[in-house]
Amino acid sequence: MRKMFFAFLAMAIIVSGFSLIAGAEELTNVAEGKSYTLECETSEADYGYTEGTDSGFGDGPNAIRQRLTDGMHGLESTRTVKSGAQKTKKAFYVIDLGSVVNGISKLNMDMYYRTDWGIQKPIGVEYALSTDGVNYTTEGKILVADSVERETPEPWVGYDFTLNLSTPKSARYVKMIAEGGNYIWSTEMQVFASGEETSDPESESSTPAAESEEQSSESTTSEPGESSTPGSTGSSEVTQTGDDDGMTFYIIIAAAAVLLIVTVILTYKKKAKQ
Ligand SMILES: [Ca+2]
């Protein structure tokens, strides 16, 4: 009887432990596969890019700009992960998430340098969010001293400039302003959210090409994020965050299975004693 009690106690602890894990919000990188624009403060954009090829260190022309949201994060010695590099001290990137996303709680961009190539140490990344692509709210700036060093093959040195937001935010446009000594050398920009995308009446009306053209002609300022991103995937892509329900189901099944096994073992032991 005592064994039975401890078995059930152990089960209760295991089940409550799993529930805690299941209850923790799962974050999804909602920027992956999304289009973005790029403007450089000084010097030319698309460093090393050769027209018609996927070579070089640049990030391709605007039409195929994709290296920093392709989900490949980090420099590797084999160079399987391509860099998006710009010969500039300051680069303005704006990711269009397609529609307003709720629950944005973490933003990240990585940057690298190597002195033998004359690439100077990065300075920092500033992050700003917007629902309309016009009015931005600065969320914070991460300097290299507050960044996290990445495991990177020598002589490269790399950092993740991760900004954790104190309260989850909603946004469609995410601006990342990267500052470096002379180059911006990066592989990925990430926007982590727990919420689902919402239908945004304003952004939806601007999705069709004809209407977005109309909208951009109306605008008067030249904010980097304001261009209506022709490569936008629109609002058809919806981030699925319904994994929690599935997770809970599997945990219940697993708990029931463990409970059954324990009961069978105890019953068997009891019978063996008799
Ligand atoms: Ca990448």
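So, how was this worked out
Residues numbered from 1 in each chain as written. Predicted model: local features only at pLDDT ≥ 70, side-chain atom pairs only at ≥ 80, totals over all residues. Helix = DSSP H or I, 4+ residues; strand = E, 2+ residues; numbered from the N terminus. Buried ≥ 20, exposed ≤ 12 C-beta atoms within 10 Å, placed from the backbone. Contact = placed C-beta atoms within 7 Å. Core = buried A, V, L, I, M, F, W, Y, C linked by C-beta atoms within 7 Å. pLDDT = per-residue confidence, 0-100. Pairing = 2+ DSSP bridges.

Draft legend 1. Representation of the overall build of the chain in the model. Per the secondary structure count, the chain includes four helices and eleven strands. Going through the 274 residues of the chain one by one, you find that 32% of them count as buried. Intrachain contacts of the chain at a sequence separation of at least 6 include 79% that bridge at least 24 residues.

Draft legend 2. Structural view of the nonpolar core. By size, the foremost hydrophobic cluster in this structure holds 42 residues, and its most contacted members are Tyr93, Ile95, Val174, Met176, Ala178 and Val191. Secondary-structure elements contributing two or more residues to this core are β2 (36–40), β4 (90–113), β5 (124–130), β9 (163–179), β10 (184–186) and β11 (189–193). Residue contributions to this core peak at 13 residues, all from β4. When near neighbours in sequence (up to four residues on either side) are disregarded, Ile95 contacts Ala31, Lys34, Tyr36, Thr69, Val174, Met189 and Val191.

Draft legend 3. Structural view of the confidence of the model for the chain. For the chain, mean pLDDT is 73; residues scoring 70 or higher make up 53% of the total. Scored below 50 in pLDDT, residues 201–247 makes 68 contacts in the model with residues more than four places away or belonging to other chains.

Draft legend 4. Seen up close, unusual backbone geometry. Residue Pro155 follows Glu154 across a cis peptide bond; omega there is 5°. Structurally, the position occupied by Pro155 is in the loop between β7 (148–150) and β8 (157–160).

Draft legend 5. Inspection of the environment of Thr69 at higher detail. With respect to the helices and strands, the residue Thr69 is situated in the loop between β2 and β3 (84–86). Its 21 C-beta neighbours within 10 Å are what place Thr69 among the buried residues. Taking C-alpha positions, Thr69 is 9.6 Å from Asn29, a pair spaced 40 residues apart along the chain.

Draft legend 6. Region of the structure containing the environment of Asn182. Within the secondary structure, Asn182 sits in the loop between β9 and β10. On the neighbour-count criterion, Asn182 (15 C-beta atoms within 10 Å) is partly exposed. Measuring from C-alpha to C-alpha, the distance between Asn182 and Lys121 comes to 8.4 Å, with 61 residues separating the pair along the chain. Once residues within four sequence positions are removed from consideration, Asn182 is found in contact with Lys89, Ile119 and Gln120.

Draft legend 7. Broad picture of the environment of Gly180. Secondary-structure assignment places Gly180 in the loop between β9 and β10. As a C-alpha pair, Gly180 and Thr88 span 92 residues in sequence and 7.6 Å in three-dimensional space. Excluding its chain neighbours within four sequence positions, the residues that come into contact with Gly180 are Lys89, Met111, Gln120, Pro122 and Ile123.

Draft legend 8. The pairing of strand β6 (residues 137–143), seen in detail. The pairing of β5 with β6 spans six bridges and is classified as antiparallel. The residue of β6 that forms the bridge with Gly124 is Leu143.

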